[in-house]
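Here's the letter readout for the chains.
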Amino acid sequence: MRAFTMEFTHTINGLAVSSEGDFEVIDPATARGFARCPDATREQLDQAVAAARRAFGQWRRTPAAERGEYVRAFAAALRASATRLAPLLTQEQGKPLAAATSEFLRSADHIDVLSTIDIGGELLRSGGRDKVELHYRPLGVVGAITPWNFPVVLAVWKIAHAIYTGNTVVLKPSPYTPLTTLKLGELARGILPPGVLNVLAGGNDLGAWMSEHPGIDKISFTGSGPTGKKVLRSASSSLKRVTLELGGNDAAIVLPDVDIPKAAQDIFWGAFNNSGQICKAIKRIYVHEDIYAPMGNALAAIARATKVGSGMEPGVQLGPVQNRAQFDIVNALIDDARRQGGEFLSGGEPLPLPGYFIPPTIVSGLGKGSRLVEEEPFGPVVPLIRYVSVDDALDQANDTAFGLSGSIWTVDIEQGRALAARLEVGTAWVNQHGGSDPHLPFGGAKASGMGHENALLGLRDYMQLSVVQSPPDPSAPAAK
Ligand code: NAD
């Protein structure tokens, strides 16, 4: 028996709302439809925006500490629902059940911490000839648009940032993975005041309507670069604020002094976790020529030992690619790598199953000019690239339009830090890759994004600064 009801509704003004139209949601492990999702109309978007606008009046005046309590009550509900909702997340997204459960729990832990960060104003200066305070106020209605790789984490981050800072939200998930997000709206109905969080499912056109909607004050978008550019263009009509978390082509640079078995484990999972469908996954591995062969062998051995299959099957470590279009993109990159003369250390062929399964694929012998090196595969395939000088490896790592994150692997931590600082990215790690921490701002450099999420910096992206300059307090020392 299923652990969730198969009824899916939008949430508008705290109420369950259905639509006349609907669309099919596919289980990527079987390539078959398993549920129907309501398809919101433009009028329903208008209703959601109007509800969010009405709720904003009161919500913005609710003290931040109290809003933090609401956010943590929502986190508690997420935690309590993890076991019940994880099978739904697995069925629509494909990830193993344990990873789906942990996605709920990690989201809850994350926003518990985020919602305790002090977002109050600051005194810039006092005394002398004036007093200058920095005040921050919420922006209004935030439109949140999310992709299909981490439907829960990414939606929950946006909800928490927006409502903790006093905004109200209209949230739209990817049409590939809308169902768990609709359940988030259902959970919030009993916790947040009506209108504070509205959740609508629909196609790409719903995202486009949101980006151009005059009643939305900010778009917080996570997804691909091409869509991010469309969002930015539409948002310009009303000068909406925009945060864009986009794609990456993260490089890991492995120095010759590493402990190969240990580094191989961490690098493998940095590349292949969630079947490589992570914006900040390792997507290029640069290995010094002295350890190129043993590192390739170690990575390939882990790949071969990794269990790939339906996320519902016990012991499965990697599920399918999430959708047919992405499966075709990854297979096209693999075919191109084969034509370019790449040597397949592991994988290379889809599994003979009905779903979208590609085993972890490691390709050696490619370099600049190959599609697999230049493009973001967003799937379980990664090139291994030989280098001689670390300066050259850094130049190659930086020679891309992307700039999300990157990592240096070495036992010489001091040198690792110095090299990491030369990566032209939003986040650079030494001997790790891909973690997230609510206290650390996360955002992309170059074509990987604009703005930040997490930490005070990320929360401020959901607020408007007002500088208040006034005469000094009478007790302040006089200006000289
Ligand atoms: P996508 O851009 O195709 O879709 C993302 C969302 O945008 C979906 O909800 C979609 O319906 C919506 N959308 C589509 N067209 C739109 C339009 N014209 N206007 C507004 N919204 C529109 O991306 P995807 O394939 O779902 O996700 C994969 C991409 O997301 C990868 O490039 C990945 O790197 C990136 N990503 C980035 C981060 C990050 O934090 N930087 C995190 C996860 C994923």
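Each chain has its residues counted from 1, following the order in which its sequence is written. Per-residue local features are limited, in this predicted model, to residues with pLDDT of at least 70; the limit for side-chain atom pairs, both in listing and counting, is 80 or more; totals at the level of whole chains, interfaces and linings are taken over all residues. Side-chain metrics in this entry use all non-hydrogen atoms of the structure; hydrogen atoms and water are not considered.

The name given to the chain in an unreviewed UniProt entry is Aldehyde dehydrogenase family protein, with Parapusillimonas granuli as the source organism. UniProt positions are given in the numbering used here, feature names are shortened, and annotations may be inferred rather than shown by experiment. Of the chain, the UniProt comment under Sequence similarities (unreviewed entry) reads exactly: "Belongs to the aldehyde dehydrogenase family."

**Student:** Would you mind showing me how to read the overall build of the chain here?
**Tutor:** Put simply, DSSP marks the helices as runs of H or I at least four residues long and the strands as runs of E at least two long, and each gets a number from the N terminus on. Helix and strand content of the chain: 14 helices and 20 strands. Over its C-alpha atoms the chain spans a radius of gyration of 23 Å, differing by no more than 12% from the 23 Å that the globule rule assigns to 480 residues. Considered along the principal axes of its C-alpha atoms, the chain spans approximately 70 × 70 × 40 Å. Counting across all 480 residues of the chain, residues that qualify as buried make up 56%. Any two residues having at least one pair of non-hydrogen atoms within 4.5 Å are treated as being in contact. A separation threshold of at least 6 residues defines the contact pool for the chain, and within that pool the share at least 24 residues apart is 74%. Here the Shrake-Rupley method, with its probe set to 1.4 Å, supplies the accessible areas, and only the displayed protein chains count as covering residues. Per element, the accessible surface of the chain, about 19200 Å² overall, is 54% carbon and sulfur. Distance between charge centres in the chain, computed from 45 positive and 49 negative side chains, equals 5 Å. C-alpha atoms define the radius of gyration, and 2.2 Å times the number of residues to the power 0.38 defines the globule rule. Here the term buried applies to any residue with accessible area under 20% of the maximum for its type, exposed to any over 50%, and partly exposed to those in between, with areas from a 1.4 Å probe on protein chains only. Only four residue types enter the charge count: Lys and Arg as positive, Asp and Glu as negative, with His and the chain ends excluded. Throughout, a charge is located at the NZ atom of Lys, the CZ atom of Arg, the CG atom of Asp or the CD atom of Glu.

**Student:** Looking at this model, I keep getting lost on the sheet that holds strand β20 (residues 463-470). Mind explaining?
**Tutor:** Sheet strands line up and pair through hydrogen bonds in the backbone, either parallel or antiparallel. DSSP bridges decide pairing: two strands pair if at least two such bridges lie between them. With respect to topology, 3 strands assemble into an open sheet ordered β5-β6-β20, the strand pairing being antiparallel. The open sheet has two free edges, formed respectively by β5 (122-125) and β20, since each of these has just one partner strand. On average, each strand axis in the sheet is inclined to that of its neighbour by 30°, with strand direction left out of account. Taken together, the 8 bridges between strand β6 (residues 131-138) and β20 define a ladder with antiparallel strand orientation. For Leu 134, the partnering residue across the bridge sits in β20 and is Val 467. Note on geometry: axes are lines fitted to C-alpha atoms, helical ones only across the stretch in contact, with angles between N-to-C directions running from 0 to 180 degrees.

**Student:** Is there a simple way to think about the UniProt feature "active site" (unreviewed entry) in the chain in this case?
**Tutor:** Residues given the UniProt feature "active site" (unreviewed entry) here are Glu 245. Within the element layout of this structure, Glu 245 appears in strand β11 (residues 241-245). Judged by its relative accessible area of 5%, Glu 245 falls in the buried class. Sequence-distant contacts of Glu 245, defined by excluding residues within four places in its chain, comprise Phe 221, Thr 222, Gly 223, Phe 442, Gly 443, Gly 444, Ser 448, Gly 451, His 452 and Glu 453.

**Student:** Hey, could you run me through helix α7 (residues 225-235) in this one?
**Tutor:** Side chains that are three or four residues apart share a direction in an α-helix, a result of its 3.6 residues per turn. Every buried residue of α7 is listed here: Gly 228, Val 231 and Ala 235. Looking straight down α7, one finds its buried side chains confined to an arc of 60°; they lie on one side. In α7, the exposed residues that point more than 90 degrees away from the buried face are Pro 226, Lys 229, Lys 230 and Arg 233. Contacts made by the buried residues of α7 are with α6 (204-212), β10 (218-222) and β11. To be clear, the arc concerns the directions from the helix axis to the C-beta atoms.

**Student:** Sorry, what's going on with the site of the ligand here?
**Tutor:** The near set for a molecule or strand comprises every residue that places at least one heavy atom within 4 Å of it. Around the ligand there are 29 residues in total, and Thr 146, Asn 204, Ser 224, Leu 246 and Glu 376 lie nearest to it. Between the ligand and Trp 148, the relevant distance is 2.9 Å, taken from an oxygen atom to a side-chain nitrogen or oxygen of the residue. Contact between the ligand and Thr 227: an oxygen atom at 2.8 Å from a side-chain N or O atom of the residue. Coverage of the ligand by the protein chains reaches 90% of its 860 Å² of free accessible surface. Only α6, β10 and α7 provide two or more residues apiece to the shell around the ligand. The dominant element in the shell around the ligand, judged by the number of residues it contributes, is α6, at 4 residues. Partitioned by chemical class, the residues of the shell around the ligand number 14 nonpolar, 11 polar and 4 charged. Residue ranges labeled as domains rest on an automatic or database domain assignment. Counting only domains with at least three residues in the shell around the ligand, you end up with domain 1 (10-246) and domain 2 (250-430). Distance and chemistry together define a polar contact, namely a pair of N or O atoms within 3.5 Å, with one atom able to donate a hydrogen and the other to accept it when in protein, and with adjacent residues in sequence counting only for side-chain atoms on both sides. Residue polarity is assigned by list, with Asp, Glu, Lys and Arg as charged and Ala, Val, Leu, Ile, Met, Phe, Trp, Tyr, Cys and Pro as nonpolar; anything else, Gly included, falls into the polar class.

**Student:** Would you mind showing me how to read the UniProt feature "domain: Aldehyde dehydrogenase" (unreviewed entry) in the chain here?
**Tutor:** Per the UniProt record, the feature "domain: Aldehyde dehydrogenase" (unreviewed entry) sits at residues 20-467. Taken end to end, residues 20-467 comprises 40% helix and 20% strand; its first and last C-alpha atoms sit 48 Å apart.

**Student:** So what exactly am I meant to see when it comes to unusual backbone geometry here?
**Tutor:** Negative phi is the rule for most residues except glycine; trans is the rule for most peptide bonds. A positive phi angle, close to 55°, is found at Asn 13, a residue other than glycine. The backbone phi angle of Asn 274 is positive, close to 55°, even though this residue is not glycine. The residue Asn 274 is located in the loop between α8 (260-272) and β13 (282-288) in this model.

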